[in-house]
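If you want the building blocks of each chain, they are given just below.
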Amino acid sequence: MPSKIAVVVLAAGSSKRMETPKQLLKWGNGTLITHTIQTALKLNTDSVYVVLGANFQLIKKTINHFSITILNNENWEQGLGTSIACASKHIQKQKPKIDAVLFILADQPFITSDYLNELVSSFSPHKNQIIASSYQNRKYGVPALFDAFYFEQLSKLKDDFGARNILKENESFMKALKPPVKNVDLDFKEDYDRFYKENFE
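Let me sum up the structure you'll find in this document. (Residues numbered from 1 in each chain as written. Predicted model: local features only at pLDDT ≥ 70, side-chain atom pairs only at ≥ 80, totals over all residues. Heavy atoms only, no water.)

1. Remarks on the environment of Ala-54
Point 1. Here Ala-54 lies in the loop between strand 4 (47-52) and helix 2 (56-63).
Point 2. Take Ala-54: its relative accessible area is 4%, and that puts it in the buried class.
Point 3. Residues Ala-54 and Gln-136, spaced 82 residues apart in sequence, show a C-alpha to C-alpha distance of 30 Å.
Point 4. Residue contacts for Ala-54: discarding those within four places in its chain leaves Ala-12, Gly-13, Ser-14, Ile-59 and Trp-76. (Helix = DSSP H or I, 4+ residues; strand = E, 2+ residues; numbered from the N terminus. Buried < 20%, exposed > 50% of the residue type's maximum accessible area, 1.4 Å probe, protein only. Contact = heavy atoms within 4.5 Å.)

2. What to know about the packing of aromatic side chains
Point 1. In this structure the tally under the stated criterion is ten aromatic pairs.
Point 2. Arranged with centres 5.7 Å apart and planes meeting at 45°, the rings of Tyr-192 and Tyr-196 form a pair that is tilted. With Tyr-192 and Tyr-196 both in helix 7 (residues 189-200), this residue pair falls four residues apart, about one helical turn. As far as burial versus exposure is concerned, Tyr-192 and Tyr-196 are alike and both buried.
Point 3. Pairing Tyr-196 with Phe-200 gives two aromatic rings, centres 4.8 Å apart and planes at 45°, and the pair type is tilted. Linking Tyr-196 with Phe-200, this pair stays in helix 7, spanning four residues, or about one helical turn.
Point 4. Following the ring pairs from residue to residue traces out a cluster consisting of Trp-27, Phe-110, Tyr-192, Phe-195, Tyr-196 and Phe-200.
Point 5. Residue placement shows Arg-194 over the ring face of Phe-195; its charged tip is 4.5 Å from the ring centre. (Phe/Tyr/Trp six-rings, centres within 6.5 Å; stacked < 30°, edge-to-face > 60°. Lys NZ or Arg CZ within 6 Å of the ring centre and 35° of its normal.)

3. Here's the deal with the sheet that holds strand 8 (residues 139-147)
Point 1. Overall, mixed pairing links the seven strands, which are arranged 5-4-1-6-8-7-9 in an open sheet. Each edge of the sheet is formed by a strand with only one pairing partner; in this case those strands are strand 5 (69-72) and strand 9 (174-177). Taken pair by pair, the neighbouring strands of this sheet meet at an average axis angle of 30°, ignoring direction.
Point 2. Direction of pairing for strand 7 (residues 130-135) relative to strand 8: antiparallel, over a ladder of six bridges. Residue pairing for strand 8: Ser-133 is matched across the bridge by Gly-141.
Point 3. Each of strand 1 (5-10), strand 4 and strand 6 (100-105) is contacted by helix 1 (residues 32-41), which is oriented at about 155° to strand 4, the strand it contacts most. (Pairing = 2+ DSSP bridges. Axes fitted to C-alpha atoms, helices over the stretch in contact; angles between N-to-C directions.)

4. Comments concerning the pattern of salt bridges
Point 1. Enumeration according to the criterion identifies seven salt bridges in this entry.
Point 2. In this structure, Asp-46 and Lys-4 form a salt bridge, with 2.8 Å as the shortest nitrogen-oxygen distance. Taken together, the positions of Asp-46 in the loop between helix 1 and strand 4 and Lys-4 in the segment before strand 1 put the pair 42 residues apart, joining distant regions of the chain.
Point 3. Judged by its relative accessible area of 42%, Asp-46 is partly exposed.
Point 4. Under the relative-accessibility criterion, Lys-4 is labelled partly exposed at 25%.
Point 5. The partner of Arg-194 in a salt bridge is Glu-198, with the nearest N and O atoms 3.7 Å apart. Here Glu-198 and Arg-194 lie together in helix 7, a separation of four residues that amounts to about one turn.
Point 6. Accessibility expressed as a relative area gives 45% for Arg-194, which makes it partly exposed.
Point 7. One salt-bridge network, in which partners are shared between bridges, spans Arg-17, Lys-22, Asp-107 and Asp-187. (Salt bridge = Lys/Arg side-chain N within 4 Å of Asp/Glu carboxyl O.)

5. Quick notes on the side chain of Ser-155
Point 1. If you trace the backbone, Ser-155 turns up in the loop between helix 5 (151-154) and helix 6 (164-169).
Point 2. Judged by its relative accessible area of 7%, Ser-155 is buried.
Point 3. From its side chain, Ser-155 meets the backbone oxygen of Glu-152 in a polar contact 2.8 Å long.
Point 4. If near-sequence neighbours (up to four positions away) are discounted, Ser-155 is found in contact with Ala-85, Ser-88, Lys-89 and Gln-92. (Polar contact = N/O pair within 3.5 Å; in protein donor to acceptor, adjacent residues only side chain to side chain.)

Okay, here's the thing in structure tokens:
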């Protein structure tokens, strides 16, 4: 039987460094967040959740038309870990049970659905697996897929380090895949302007 996998788009931050809601920046024919949702909906997975926080109402009305579940992380100011926890708590209650969750970020527009499907197809349930993305200098991070075994730990995260400690503590269960592109998080206006120009102008 195929595994039941949920995809979670983490998009709750206030984009302080960008000085404008990053999720709504133009990307191709849509925005960064609509691009990420469309990528997530192409995957061989069961459901897509989007965790919002800062600018909740503003962003929600631009994505309401997608077949996704929108979650509101009211503790978003405490950092990324709280968004992971918010989604994990919600997913733990789902029936039938979800076997794994794949976390992706709304500000990594160069991550492709092919790469994410590679993470999904590398997963075998009930083996406490974590499949993470491998970056330079032995750094591991999102996109990352966690077996349901970790849901309890994920639902207790509180700070801005995301699931970094869970990855570290469970390295023996971790499989790392290399993304086809260098990790590009669009954190600053000049990064966004440069990549937008390179890709769409």
